[in-house]
Amino acid sequence: MPRLYFDANASAPPNPEVVEAVHRAMAEDWANPTSTHREGQRARFRLEEARREMAASLGVAPGELVFCASATEALHLLIRGLQSALGDRPAAVFPGEHSACLNPLRDWARVAWLPELPADCATVVQMAANNESGILYDMPAVLDAVRIRDCAQAWGKVPVDLSGCDAAVFSGHKMGGPRGAALLWMRSGLPWDTVMEGPQERRRRGGTEDLPAILGLGVAVRHLPERLAQHAALAQLRDAFETEVTSWNRGIEVIGKGHPRLPNTSCLLFRGKNGEGLQASLDLDGFAVSTGSACHSGSVKPSHAITTLGYSLDDARSVLRFSLLPETRSDEVEALWRALKRLT
Ligand code: PLP
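Note that this is a predicted model, so its numbers are computed, not measured.

Moving on: the environment of E49. Its place among the elements puts E49 in helix α2 (residues 38-58). What makes E49 partly exposed here is its relative accessible area of 31%. C-alpha separation for the pair E49 and G218, spaced 169 residues apart in sequence, amounts to 9.1 Å.

This is the structure:
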């Protein structure tokens, strides 16, 4: 039995055309886009062509997109860059944000947790989709604050709507693109200062652009419509999986049930069971899944994404996340639930 991968929300395999594009670009488009000679100009042309294509897909202006290496980097540049202009006023932040977003907020004078919305709040941070539970969130209706949207998990799985936002981040390696390419979108005119000096990306992100990864991301973006359609079809498979496992009456609970969710994500609470142990047993049986915990310096910390939904720390240690790939088949899901039935 080949191994089965149910951890798309961590990283999804790149589309084969993406792998080919990155491979070709590493052989042909290796020149530095900042160089002024003909090779550099060709690289610059390819870079700007990819930027225009991605901007058109997102419905934003090409000049508002900054190429970064990861969504983590994009969030750091964005939040730290806003901080020098706005950081003495409060930020209103969704408590279930990813640590990539919470970490750069540490130096703000005050962070209020949504739904608290201080009158003088400078920025509102609300992820589009939670990485653990898959729950989808709307942007709070605020007008006079910089509205930040983390679309790292939503991109490629559900349509992304940037109306009502001023800045957003996108990650390539979760939507069929390569690692090493991500996007920061900032509406022009934001009160933002450069934190990573360098001539590239209109002085907004120093460092030579990773052109092969960016061109690979461009190919993945071209495939977005079919990826979205594949994801829409996954909801039925995911729902059937959840109906099966909850029918056993073994205390398994679907986290986020009844909320709009990412169609590929099933976050299950195996009350009284050890999530890490269960994950390790599934791994031995040939299934890659994820616990709701993050490993920090050797100690396992239960996910705040789960505890902010009102679950206890013990419950958070009993959670597994199953995130399906666009091409996941029903027989693969059946193999998964049969393994779970043996192990729980
Ligand atoms: N934001 C969310 C919601 C995520 O799930 C992740 C990664 O899991 C990130 C940001 C960071 O993305 P990257 O791996 O591109 O740094």
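The subject of this paragraph is unusual backbone geometry. Here the residue pair L114 and P115 is connected by a cis peptide bond, since its omega of 15° sits within 30 degrees of zero. For E201, which is not glycine, the phi torsion reads 50° and is therefore positive. Mapped onto the fold, E201 is located in helix α5 (residues 200-203). The exposure class of E201 is buried, given its relative accessible area of 4%. Positive phi, normally seen in glycine, also occurs at R203, with a value near 65°.

A separate point is the nonpolar core. Considering soluble globular proteins, one finds that nonpolar side chains tend to be buried as a cluster. M54, W155, F170 and L183 are the most contacted members of the largest nonpolar core, which totals 49 residues. Only α1 (16-28), α2, β2 (65-68), β7 (167-171), β8 (182-186) and α6 (211-222) provide two or more residues apiece to this core. Considering every element that reaches this core, the biggest residue donor is α6, with eight residues. With residues near it in sequence (within four places) discarded, L183 still touches M54, L58, L65, V66, F67, A74, W155, A168, V169, F170 and L217. Within the second largest apolar cluster, 27 residues are counted, among which are V66, L75, L82 and L190.

Here helix α11 (residues 330-343) spans 20 Å end to end across 14 residues, near enough to the 20 Å set by a 1.5 Å rise per residue. Within the sequence span of α11, burial applies to E332, V333, A335, L336, W337, A339 and L340. As for α11, its buried residues are in contact with β1 (4-5), α7 (224-246), β10 (265-270), α8 (275-284), β11 (287-288) and β15 (319-323).

Turning next to the site of the ligand. Near the ligand, the surroundings consist of S70, A71, T72, H98, M127, N131, D150, A152, Q153, S171, H173 and K174. A71 is positioned such that a nitrogen or oxygen atom in its backbone is 2.9 Å from an oxygen atom of the ligand. Protein chains bury 89% of the 390 Å² of accessible surface belonging to the ligand in isolation.

A separate point is the packing of aromatic side chains. Under the defined criterion, the tally for this structure stands at six aromatic pairs. An aromatic cluster of at least three residues, connected via ring pairs, comprises F241, F270 and F322.

The rules behind each value
- Residues numbered from 1 in each chain as written.
- Predicted model: local features only at pLDDT ≥ 70, side-chain atom pairs only at ≥ 80, totals over all residues.
- Heavy atoms only, no water.
- Helix = DSSP H or I, 4+ residues; strand = E, 2+ residues; numbered from the N terminus.
- Buried < 20%, exposed > 50% of the residue type's maximum accessible area, 1.4 Å probe, protein only.
- Core = buried A, V, L, I, M, F, W, Y, C linked by side-chain atoms within 4.5 Å.
- Contact = heavy atoms within 4.5 Å.
- Expected span 1.5 Å × (residues − 1).
- Near = heavy atom within 4 Å.
- Polar contact = N/O pair within 3.5 Å; in protein donor to acceptor, adjacent residues only side chain to side chain.
- Areas by Shrake-Rupley, 256 points an atom, 1.4 Å probe, with all protein chains shown as cover.
- Phe/Tyr/Trp six-rings, centres within 6.5 Å; stacked < 30°, edge-to-face > 60°.

So far we have only geometry, and geometry alone does not tell us how the molecule works.
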